[in-house]
Amino acid sequence: MAIGGAVASTAALTPLVRARMMPQDMDRDVFAGVVRELRAIVGDEWVFADEASTISYRKSGIPDLRGEHVPSGAVAPANVEQVQAILALANRYRLPLWPISTGKNMGYGMATPASSGQMILDLKRMNRILDFDAELGTILVEPGVTYQQIHDYIEDNDLPYWVDVPTVGPIVSMMGNTLERGVGYTPYGDHFFMQCGMEVVLADGTILKTGMGSIENGNTWQAFKWGYGPYLDGIFTQSNFGIVTKLGMWLMPKPPAYKPFMVRSPNVEDVAAITDTIRPFRMNNLIPNGVLIMGALYQMSMFNRRADLWDGEGVIPLDVIQRHARANDIGMWNTFYALYGTDEIIAAIEPILTAAFEATGADVLTEAEMGGNPYFEHNKTLMRGGMTLEEKGLVRWWGRSGGAVAFAPVAPAKGGETIGQTQLATEIMNKWGFDYAPAYAVGGRELHHIIFLMFDKGDDEHSAKAEQCMEEMITRFGERGWAAYRSSVSTMDLVADQYGAANREVNARIKQALDPNHIIAPGKQGIA
Ligand code: ADP
């Protein structure tokens, strides 16, 4: 049995991949001994070191033609003491461990490690909601707690809160998404901003509680983020400095009224005016939530396979996308924002926003016109912290074995930036034969450009092109000053280089101090 999902096909691993499964410099007998010791710590059934489990954990969705992201196995501890015991063993044998919470990091490598031979430290058995303060709206969770679990807990206990979810919320963890600094779409959409207090197990087994967590008899851990002295939580996000075993978060009070809107823009170039219209309203908070400007093809790829829309040569032509968009009642860009509060508050703000967006030539639509349309319903659900799985459809775009790798460069929230990024991404992706399926997530003053490169993972040539296309995008966006805020395990070094030598050097020094044997997630974010 494997806990990384159903055991995949029994197709044998190629000799190359089999060789790469071993931790670097570890001989097979030593590895067998390590596996025995791990079994003694967590129980036989919670160590996975056979080929079928490896195949299962290796379903990354990203291109990996050279077998560079093949784990040596997986171990699933039940509690912090077992995590500490595994770390002690890992230090003794120099066994690299790749921690995951639920391992569903879609577009970024799922459960796979930055380099082959690492053993996955699968934390999904640690899946308790440890605390929920109904007065403060705060929660303390273990790594394996999914958004669905939190959603159900709130419903079952009739609590007056919403949880902010990323896409594919039901299956992913609050821990993994927050540590990766992912976003959602309610007013609490910047997850790391809403995080408050964590417990971290360091490589030597030390347990650190950040912020107010270590105050004797204290009860402010989830109420005050900053604690005393240097603020440490940030260094454990997108990081390999420790294993986070508890995470505190703030939840949004459920508003009495909620109204979602869709701004339908007919032309590709409209994205500039839309961005310039959103920015002041995000800055003054008249639009309080994480806004998504969705490209038509991104939206359609959730609900369709490519062959349903186009069976001609080359990338899908613009006029074909436009035709399908119209047939589905959506534009080339569809912007989703929402208002929250009372009916009176919403009624006061709505006309200000509607007039501003209509001035860009767009239609501003509500439930009255769009209710029941699946594209509208998807974002309506997200903006109230509801559960959706539709985005999983992206990996089925090419029909067969799905591949999807994400590129997410950030830019100031200014119209000119979106036009520049859209033009550059379209040029590069079309050159390599890939469809440009974008979205822009607009925060306060910046935006994340989310580009899913969808490819056929069953076709090696296609996978190779996907790899080269991604590399060219990262490099050429980098030359324009646009760097990614996050990256797939296959491009962590490339992106880390763009952040400069001093950043890499400081990270390396912290790593050396906290994890001198480099056993936690070597290579994560380019930190060895
Ligand atoms: P998701 O919630 O999307 O399934 P994952 O479990 O795949 O998230 O985690 C995403 C990434 O975050 C992992 O690859 C790992 O690098 C990091 N990570 C996840 N959980 C932890 C943790 N508990 N401690 C340290 N790093 C973690």
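In this text, all values refer to a predicted model and were calculated from it rather than measured experimentally.

Novice: Mind showing me how you'd approach the overall build of the protein chain here?
Specialist: The number of helices and strands found in the protein chain is 17 helices and 19 strands. Taking the principal axes of its C-alpha atoms as reference, the protein chain extends roughly 70 × 60 × 45 Å. A buried classification covers 56% of the 528 residues belonging to the protein chain. The contacts in the protein chain between residues at least 6 apart in sequence include a share of 74% that link residues at least 24 apart. The protein chain carries 44 positive and 61 negative side-chain charges, and their two centres are separated by 4 Å.

Novice: Looking at this model, I keep getting lost on the sheet that holds strand β8 (residues 195-201). Mind explaining?
Specialist: Sheet strands pair by backbone hydrogen bonding; their relative direction is either parallel or antiparallel. What the 5 strands build is an open sheet, ordered β5-β6-β10-β8-β9; its pairing is antiparallel. If you trace the sheet from one side to the other, it starts and ends with β5 (129-133) and β9 (207-209), each paired once. Strand-to-strand, the axes of this sheet are offset by a mean angle of 10 degrees, without reference to chain direction. Across the sheet, helix α4 (residues 80-93) touches β8, β9 and β10 (243-250), and the angle it forms with β8 is around 50 degrees. Relative to β5, helix α5 (residues 147-156) is tilted by about 45 degrees, and along the sheet it contacts β5 and β6 (138-141).

Novice: In this structure, what is going on with the site of the ligand? I would like to understand it.
Specialist: Around the ligand sit 21 residues in total, of which Ser101, Thr102, Lys104, Ser173 and Val244 are the nearest. Interatomic distance of 2.8 Å between a backbone N/O atom of glycine 103 and an oxygen atom of the ligand. Interatomic distance of 2.8 Å between a backbone N/O atom of valine 244 and a nitrogen atom of the ligand. The protein chains hide 97% of the 560 Å² of surface that the ligand would expose on its own. Considering every element that reaches the shell around the ligand, the biggest residue donor is helix α6 (residues 174-179), with 4 residues. Grouping the amino acids of the shell around the ligand by side-chain chemistry returns 10 nonpolar, 8 polar and 3 charged. Each of domain 1 (15-125) and domain 2 (129-253) contributes no fewer than three residues to the shell around the ligand.

Novice: Got a minute to help me understand the pairing of strand β13 (residues 291-295) in this structure?
Specialist: Here is the key point about a regular strand: its side chains alternate between the two faces of the sheet. Within β13, 5 of the 5 residues are buried, which leaves the element mostly enclosed by the surrounding structure. Covered by surrounding structure in β13 are Val291, Ile293 and Gly295 together with Leu292 and Met294, the residues of both alternating faces. By the bridge criterion, 4 bridges tie β13 to strand β18 (residues 438-442) in an arrangement that is antiparallel. Pairing of leucine 292 across the sheet is with alanine 441, part of β18. As judged from the 4 bridges shared by β13 and strand β14 (residues 333-341), these two strands associate in the antiparallel manner. Of the residues in β14, the one forming a bridge with glycine 295 is tryptophan 333.

Novice: Would you explain the sheet that holds strand β1 (residues 47-48) in this entry?
Specialist: Ordered in space as β1-β2-β4-β3, the 4 strands form an open sheet in which the pairing is mixed. Because the sheet does not close on itself, it has two edges, and the strands there are β1 and β3 (97-100). One ladder, built from 2 bridges, connects β1 with strand β2 (residues 73-75); its direction is antiparallel. Each bridged residue has a counterpart across the sheet, and for phenylalanine 48 the counterpart in β2 is alanine 74.

The rules behind the values
Residues numbered from 1 in each chain as written. Predicted model: local features only at pLDDT ≥ 70, side-chain atom pairs only at ≥ 80, totals over all residues. Heavy atoms only, no water. Helix = DSSP H or I, 4+ residues; strand = E, 2+ residues; numbered from the N terminus. Buried < 20%, exposed > 50% of the residue type's maximum accessible area, 1.4 Å probe, protein only. Contact = heavy atoms within 4.5 Å. Lys, Arg positive; Asp, Glu negative; His and termini not counted. Charge placed at Lys NZ, Arg CZ, Asp CG, Glu CD. Pairing = 2+ DSSP bridges. Axes fitted to C-alpha atoms, helices over the stretch in contact; angles between N-to-C directions. Near = heavy atom within 4 Å. Polar contact = N/O pair within 3.5 Å; in protein donor to acceptor, adjacent residues only side chain to side chain. Areas by Shrake-Rupley, 256 points an atom, 1.4 Å probe, with all protein chains shown as cover. Nonpolar A, V, L, I, M, F, W, Y, C, P; charged D, E, K, R; others polar. Domains from an automatic or database assignment.

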